[in-house]
Every structure is written in C-alpha cells, then in structure tokens.
Amino acid sequence: MDGFRFGSYTSHLGSEEHDGQKDAPSLDRRGRRRIGIWSARKAKAVYAALLRIGWAEKRVRGSHKVLSRASWPDFVFAFHDQDEIGPVMLARIAKKTGLRPDDP
C-alpha cells in the first residue's frame, strides 16, 4: 500500500513529482499537507524588521522588549539577538504583529 496510516485514516499522498524530481510532501503532526511560507531567521533580523514596519520599543528588561504600535496591542519580543526563530514561531509573531514573510 502506498501512503501512510494515521489512526483509522489512510492517506495516499505519497511523493509529488516536479520537473522529474520527487519531493516528499511536508506534513503536519496530524498527517495533513503543510505548506510553510516562513523560513527560520535570526531574532536580530526579525526585531529589525518589526522596527521597520512601525513597531517602537516601549521598554526593555533583559531580553524582554515590549514593542508598541498604534492600533495594535503591545507585543513582548523575548529573544536574544543570536537566537534562531523557527517557522512556527515566526507565523505566531506575524499573526500578532502584522509581519510578512518578505519583511525580514
């Protein structure tokens, strides 16, 4: 049988073929296809992008920076400059700040 078994659900997603090359599909933890638009970025670059799109530093305590922007709730950016922020966390940050994949 081609595919995988997840609980009582069997999927025949298999591999996709693009230009003669096979790529395994990206699946989330429930076995569904996931198309990610974010790639991992350094926290310093994400912070700089937030400042470029209009966020301003309100206060700082250690690595926790509280950012503010008109008509948005305050956002706490709690990463060290050299931390790498993964795609899932970037998507969460984007949802709360309006950040887009082409910003950083």
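Given the structure is predicted, the values throughout are model-derived calculations rather than measurements.

### Regarding a positive patch on the surface
A cluster of like positive charges, contributed by Arg29, Arg30, Arg92, Lys95 and Lys96, occupies part of the molecular surface. Relative to the helices and strands, Lys96 is located in helix α2 (residues 87–97). A relative accessible area of 54% places Lys96 in the exposed class.

### Focus: the packing of aromatic side chains
Within this structure, the stated rule accounts for 4 aromatic pairs. Site record: aromatic cluster; members linked through ring pairs are Tyr47, Phe77 and Phe79.

### Re the nonpolar core
Counting residues in each nonpolar core, the largest one holds 16 residues, and the members touching the most others are Leu50, Phe77, Ile85 and Leu99. Sort the elements by how many residues they give to this core and helix α1 (residues 43–52) lands first, with 5 residues. Contact partners of Ile85, with chain neighbours within four places excluded, come to Ala40, Arg41, Ala43, Val46, Phe77, Phe79, Leu90 and Ile93.

Here is what the cut-offs are and how they apply
- Residues numbered from 1 in each chain as written.
- Predicted model: local features only at pLDDT ≥ 70, side-chain atom pairs only at ≥ 80, totals over all residues.
- Heavy atoms only, no water.
- Patch = residues over 30% accessible without salt bridge, like charges linked within 9 Å, V, L, I, M, F, W, Y side chains within 5 Å.
- Areas by Shrake-Rupley, 256 points an atom, 1.4 Å probe, with all protein chains shown as cover.
- Salt bridge = Lys/Arg side-chain N within 4 Å of Asp/Glu carboxyl O.
- Lys, Arg positive; Asp, Glu negative; His and termini not counted.
- Charge placed at Lys NZ, Arg CZ, Asp CG, Glu CD.
- Helix = DSSP H or I, 4+ residues; strand = E, 2+ residues; numbered from the N terminus.
- Buried < 20%, exposed > 50% of the residue type's maximum accessible area, 1.4 Å probe, protein only.
- Phe/Tyr/Trp six-rings, centres within 6.5 Å; stacked < 30°, edge-to-face > 60°.
- Core = buried A, V, L, I, M, F, W, Y, C linked by side-chain atoms within 4.5 Å.
- Contact = heavy atoms within 4.5 Å.

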